[in-house]
Amino acid sequence: MFVSNHINVNEKNHLSIGGCDSLDLAKKFGTPLYVLDEAVIRENCRRYVDSVNKFYNGNGMILYASKALCAGGVLKIANEEGLGLDVVSGGELYTAHKAGFPMEKVYFHGNNKSEDELRMALDFGVGRFVVDNEQELSALSRLAKEKGKTASVLFRIKPGVDAHTHDFIRTGQIDSKFGVALETGEALAIVKKAVCAENIAFCGIHCHIGSQIFDLAPFCEAASVMMGFIKEIKTECGADVRELNLGGGFGISYTEADDPLPYGTFMEAVSRVIHEEAEKHGVALPFILMEPGRSIIGPAGVTLYTVGNVKEIPGVRTYVSVDGGMADNPRYILYQAEYDFLNAGAAGSDKTEVVTVAGKCCESGDLLGEHVAIQPVRPGDILAVMATGAYNYSMASHYNRLPNPAVVLTDGGSARVIVRRETYEDLVKNDVL
């Protein structure tokens, strides 16, 4: 499964990423190795920007959800392609600051921002605070007053929409740690408080219903609910909602069984609902924001591993062990995420074996995939896991004191490191003896 002309099979029958032979990349940079194709990232950014221009006449902005993969080199690409940025922690905010990202285009999310994080954001001059709860609103009002600043805010709303996805990545229902609920009146109450709060400028509302969603209906339903709430705010508070942030969550193809709709199809369908509901309720069309992360960076990523032991248990299964695992990709152990696997040195050949790909961590559950089809592999081969650009590097750990892999960006046959490989010395540098 090849997601783009930029990730394909070359004349040697090797996996090629951005014009670079994957075996050459593994030899030069070592494994495990995160590889990102710059052209794919830029193409995905442009598809979203073009859809805003087409369906909203440019009255909107796409925010890259940096939690998917937050590294300075990636943020620079997002900025160059005209995107804003969604951050959810002080660390992501600081990374954006160090990368020179325009702070006025940064939206700061999070359900439990610390006061230190809020101060940092005020000092940096972030464009918007996406406020999660009443305690945060009170703290932000006080801190902004202390600094003689005004904080522009959106509120995260739970629209009560079931996104039909994994429980761990559903966020729009009432039983969620994120946001304030419509059903209980909590959402309207916090907007009323914001309208009167000192050093607070109420700008709009936000929702996010979950991740890895393939259905159009939940996005359209959420848009309808939010437009109805905009009308309620106008009626009850006399306040105009200038911005509507509809979050992200668009699904991508991890395996051939996944069949996501083109991004433009999502955008057009939601746009139609927004325009119809604005006319129905007699409210102005708000500035539209969306926050794709996975669908921008996920398809651009490939992780390369070196195969170690191949252990056949007759009548049971064959384990193919690699030099990484749950420390660099915890998604399988978290929610049994599925991937497409390739022998990178025989990428165009038929997949004639079924194996379980095991990591090197001291956990029985340290697997990258069970009963997966792959070309024949033997020790020393390079194994590729496709569509790993999102939530692999960003969720990596140091379990068993494994150093984090390097991140390499490829483009037009050249490759450069944007995150260096950690060393053992990096692992112990903060130890106090």
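Just so it is clear, the model here is predicted, and its values are computed rather than measured.

Here we come to the sheet that holds strand 3 (residues 20-21). In space, the three strands of this open sheet follow the order 1-2-3, with antiparallel pairing throughout. Of all the strands in the sheet, the pair left with one neighbour each is strand 1 (7-9) and strand 3. The pairing of strand 2 (residues 15-17) with strand 3 spans two bridges and is classified as antiparallel. Its bridge partner being in strand 3, Ile17 is matched across the sheet by Cys20.

On inspection of all chains with the given rule, the structure shows nine aromatic pairs. Taking the centre distance of 6.4 Å and the plane angle of 50° together, the rings of Phe108 and Phe129 count as tilted. In this pair, Phe108 sits in strand 7 (residues 106-108) while Phe129 sits in strand 8 (residues 128-131), placing the two residues 21 residues apart along the sequence. Since its relative accessible area comes to 0%, Phe108 is described here as buried. Look at Phe129 and you get buried, because its relative accessible area is 2%. Consider the rings of Phe219 and Phe266, whose centres lie 5.3 Å apart with planes at 75°: the pair is edge-to-face. Taken together, the residues span a long stretch of sequence, with Phe219 in helix 8 (residues 216-237) and Phe266 in helix 9 (residues 263-281) at a distance of 47 residues. Across this residue pair, the class does not change: Phe219 and Phe266 are buried.

Thresholds, definitions, all that
Residues numbered from 1 in each chain as written. Predicted model: local features only at pLDDT ≥ 70, side-chain atom pairs only at ≥ 80, totals over all residues. Heavy atoms only, no water. Pairing = 2+ DSSP bridges. Helix = DSSP H or I, 4+ residues; strand = E, 2+ residues; numbered from the N terminus. Phe/Tyr/Trp six-rings, centres within 6.5 Å; stacked < 30°, edge-to-face > 60°. Buried < 20%, exposed > 50% of the residue type's maximum accessible area, 1.4 Å probe, protein only.

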